[in-house]
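# Architecture and fold: a report
The chain contents come next:
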Amino acid sequence: MNIYTFNVDDAYRFAREQNIPTRTHGNELQFSVCPYCHQQTTKKYKFAISLQTGAFNCLRASCGAKGNMTTLAKDFGFSLGRDADEYY
């Protein structure tokens, strides 16, 4: 049973709530800082959320965080709506 269906607005809302600068590049929302390891670089964005699927990953080998929007919701107390929040 799938309670949550990915909504692009949720990715942007997550970035705003985390107060992390982002840029849209192709079909990704790229973050200047990984919300898990808090590492940043001025040359490349290392954390991204797919704007097609909601899957995310940190490309830093020492972090490697990956998952989807429900993972972010659980790990950061991010709301995906009442039904999804109650289910997950």
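Quick caveat: nothing in here was measured; it's all calculated off a predicted structure. The residue numbers shown here count from 1 along each chain, following its written sequence. Owing to the predicted nature of the model, reporting of local features is limited to residues with pLDDT of at least 70; listing and counting of side-chain atom pairs is limited to 80 or more, with chain, interface and lining totals taken over all residues. Hydrogens and water are ignored here; the side-chain numbers use all heavy atoms of the structure.

### Let's talk about helix 2 (residues 69-76)
Within the span of helix 2, buried status applies to Met69, Thr70, Leu72 and Ala73. The buried side chains of helix 2 occupy one side of the element, clustering within an arc of 160° when seen end-on. Whether two residues are in contact is decided by their heavy atoms, any of which lying within 4.5 Å being enough. Per the convention used, a helix needs a DSSP run of H or I reaching at least four residues, while a strand needs a run of E reaching at least two, with both numbered from the N terminus. Elements in contact with the buried residues of helix 2: helix 1 (8-18), strand 3 (47-50) and strand 4 (56-58). At the exit of helix 2 stands Gly77, carrying a positive phi of roughly 65°. Here's how the labels work: a residue is buried when its accessible area is under 20% of the maximum for its type, exposed when over 50%, partly exposed in between, all with a 1.4 Å probe on protein chains only. Here the arc refers to the directions that run from the helix axis out to each C-beta atom.

### Some remarks on helix 1
Among all positions in helix 1, only Asp10, Ala11, Phe14 and Ala15 are buried. For helix 1, the buried positions fall inside an angular range of 140° around the axis, keeping them on one side. For helix 1, the exposed residues set more than 90 degrees away from the buried face come down to Asp9 and Arg16. Buried residues belonging to helix 1 abut strand 1 (22-25), strand 2 (28-31), strand 3 and helix 2. You can read the cap of helix 1 off the contacts: a side-chain oxygen lies 2.9 Å from the backbone nitrogen of Asp9, and it is on Asn7. Trailing helix 1 by a residue or two, Asn19 shows a phi angle of about 55°, which is positive. Polar contact criterion, stated in full: a pair of N or O atoms within 3.5 Å, where within protein one must be able to donate a hydrogen and the other to accept it, and residues adjacent in sequence count only if both atoms are side-chain atoms.

### As for the sheet that holds strand 5 (residues 66-67)
An order of 1-2-3-4-5 is seen for the five strands of this open sheet, with the pairing classed as antiparallel. For this open sheet the edge positions go to strand 1 and strand 5, each flanked by a neighbour on one side alone. Here the rule is simple: two strands pair whenever DSSP picks up at least two bridges between them. Note that strand 4 and strand 5 share two bridges and pair antiparallel. Residue pairing for strand 5: Phe56 is matched across the bridge by Gly67. Under this scheme, a helix contributes an axis fitted over its contacting stretch, all axes are lines through C-alpha atoms, and angles between N-to-C directions fall in the 0 to 180 degree range. Contacting strand 1, strand 2 and strand 3, helix 1 crosses the sheet at an angle of about 10° to strand 2.

### Focus on the pattern of salt bridges
We define a salt bridge as a side-chain nitrogen of Lys or Arg found within 4 Å of a carboxyl oxygen belonging to Asp or Glu. Summed over all chains, the structure comprises two salt bridges. Ionic pairing is found between Arg13 and Glu17, a salt bridge with its closest N-O pair at 3.4 Å. Taken together, the residues Arg13 and Glu17, both in helix 1 and four residues apart, mark about one turn of the helix. Classification of Arg13 as partly exposed rests on a relative accessible area of 24%. Several salt bridges converge on common partners, so that one network encompasses Asp10, Arg13 and Glu17.

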